Amino acid sequence: MPLYNDVIELARPYLGPAAEKFVARQISSHLDVAADQLGSQHLEELSKWCFNSGKLVMPEAKAQEFSQKVKSMKR
């Protein structure tokens with residue numbers, strides 16, 4: 001699950017201790033894949049959901065920044 005772990009580490013500055021739960025929820029609810037199956041092909045969709053859900057719990061500009069960083073993780 002290295003990509004999953006990388007996304008969690010990226011999320012920590014934005015979401016603090018809730019980062020893992022937030023990312024896991026986006027993956028399971030919106031991408032319909034297991035965390036260990038997260039691949040670079042999922043990052044664009046994940047970034048969209050990180051923005052949409054993130055702006056509910058942080059300023060929209062921060063959610064956009066977070067989303068762009070997730071999207072740029074493509075390998």
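The rules behind the values
- Residues numbered from 1 in each chain as written.
- Predicted model: local features only at pLDDT ≥ 70, side-chain atom pairs only at ≥ 80, totals over all residues.
- Heavy atoms only, no water.
- Helix = DSSP H or I, 4+ residues; strand = E, 2+ residues; numbered from the N terminus.
- Buried < 20%, exposed > 50% of the residue type's maximum accessible area, 1.4 Å probe, protein only.
- Contact = heavy atoms within 4.5 Å.
- Core = buried A, V, L, I, M, F, W, Y, C linked by side-chain atoms within 4.5 Å.

Visitor: Describe the side chain of His-42, and please don't skip the residues or the numbers.
Guide: If you trace the backbone, His-42 turns up in the loop between α2 (19–31) and α3 (43–54). The class of His-42 is buried, set by a relative accessible area of 15%. Apart from residues no more than four positions distant in its own chain, His-42 is found in contact with Leu-31, Val-33 and Gln-37.

Visitor: With reference to specific residues and values, describe the nonpolar core.
Guide: Core analysis: the biggest nonpolar cluster contains 23 residues, and Val-7, Leu-15, Val-23, Leu-38, Leu-46 and Phe-66 have the highest contact counts within it. Mapped onto this core, the elements with two or more residues apiece are α1 (2–15), α2, α3 and α4 (60–71). Looking at this core element by element, the count peaks at 8 residues for α1. Here Val-7 is in contact with Val-23, Leu-38, Leu-43, Leu-46 and Met-73, once residues within four sequence places are set aside.

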